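Take a look at the letters that make up each chain.
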Amino acid sequence: MAATTGSFRVLLTVQVVPGREADFERVWTEGSKEVTAQPANLGHTLARSAKPGEESVYFVASDWTDMESFLAFERSPEHVAHREKLHPYRTGGSLAMMRLVEVAG
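Since we're looking at a predicted model, the values are computed, not measured.

Attention shifts here to the overall build of the protein. Looking only at helices and strands, the protein has 3 helices and 4 strands in total. Helices and strands appear in the protein in the N-to-C order β-α-β-β-α-α-β. The C-alpha atoms of the protein give 14 Å as radius of gyration, which agrees with the globular expectation for 105 residues (13 Å, within 12%). Overall size of the protein, expressed as C-alpha extent along the three principal axes, is 40 × 35 × 20 Å. Out of the 105 residues in the protein, the part that is buried amounts to 31%. Taking as baseline every contact in the protein between residues at least 6 positions apart, the subset at least 24 positions apart corresponds to 72%. Taken as a whole, the protein presents about 6300 Å² of accessible surface, with 57% of it coming from carbon and sulfur. Positive and negative side-chain charges of the protein, numbering 11 and 14 respectively, have mean locations separated by a distance of 3 Å.

Shown next, in the form of structure tokens:
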């Protein structure tokens, strides 16, 4: 199912320890199955910055039917365990939450 107008999107910016990018990607991929298995999840992607000097910056976009479903998953033991596996590879980051206003295409 694809995201639609009114869906809820989470955009996570992750700063990874330089030199640990491949490990981060591997662990993220292993855990992404937990996200996409959620009935309320509409999609989940990992992207790496293309900006020079930001080779260790990643973006995780995750679309959900609603904010409540995302927050429930975020607090779940499965998600907490996955975040703990990623922690050694991260040096920082930020989280943005938004509602989709328009979805073209």
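What follows deals with the nonpolar core. The nonpolar side chains of soluble globular proteins are, as a tendency, buried together. Counting 9 residues, the largest nonpolar core is built from Val-14, Val-16, Phe-24, Val-27, Trp-28, Tyr-58, Val-60, Leu-86 and Tyr-89. Contributing elements (two or more residues each) for this core: strand S1 (8-16), helix H1 (21-36) and strand S3 (57-64). Top element by residues in this core is H1. It accounts for 3 residues. Beyond its immediate sequence surroundings of up to four residues, Tyr-89 is in contact with Gln-15, Val-16, Val-17, Arg-20, Asp-23, Phe-24, Arg-26 and Val-27. If you look at the next biggest cluster of nonpolar residues, it comprises 7 residues, including Val-35, Ala-40, Phe-70 and Phe-73.

This paragraph deals with the pattern of salt bridges. Enumeration according to the criterion identifies 6 salt bridges in this entry. Its salt-bridge partner being Asp-63, residue Arg-9 comes within 2.5 Å of it at the nearest N-O pair. Of the two residues, Arg-9 is situated in strand S1 and Asp-63 in strand S3; the sequence distance between them amounts to 54 residues. Relative accessible area serves as the criterion here: at 28%, Arg-9 is assigned to the partly exposed category.

Structurally, Val-57 can be placed in strand S3. Non-local contacts of Val-57, meaning those with residues more than four positions away in its chain, are made with Thr-13, Val-14, Gln-15, Ala-47, Arg-48 and Ser-49.

Rules behind the numbers
- Residues numbered from 1 in each chain as written.
- Predicted model: local features only at pLDDT ≥ 70, side-chain atom pairs only at ≥ 80, totals over all residues.
- Heavy atoms only, no water.
- Helix = DSSP H or I, 4+ residues; strand = E, 2+ residues; numbered from the N terminus.
- Rg over C-alpha atoms; globule rule 2.2 N^0.38 Å.
- Buried < 20%, exposed > 50% of the residue type's maximum accessible area, 1.4 Å probe, protein only.
- Contact = heavy atoms within 4.5 Å.
- Areas by Shrake-Rupley, 256 points an atom, 1.4 Å probe, with all protein chains shown as cover.
- Lys, Arg positive; Asp, Glu negative; His and termini not counted.
- Charge placed at Lys NZ, Arg CZ, Asp CG, Glu CD.
- Core = buried A, V, L, I, M, F, W, Y, C linked by side-chain atoms within 4.5 Å.
- Salt bridge = Lys/Arg side-chain N within 4 Å of Asp/Glu carboxyl O.

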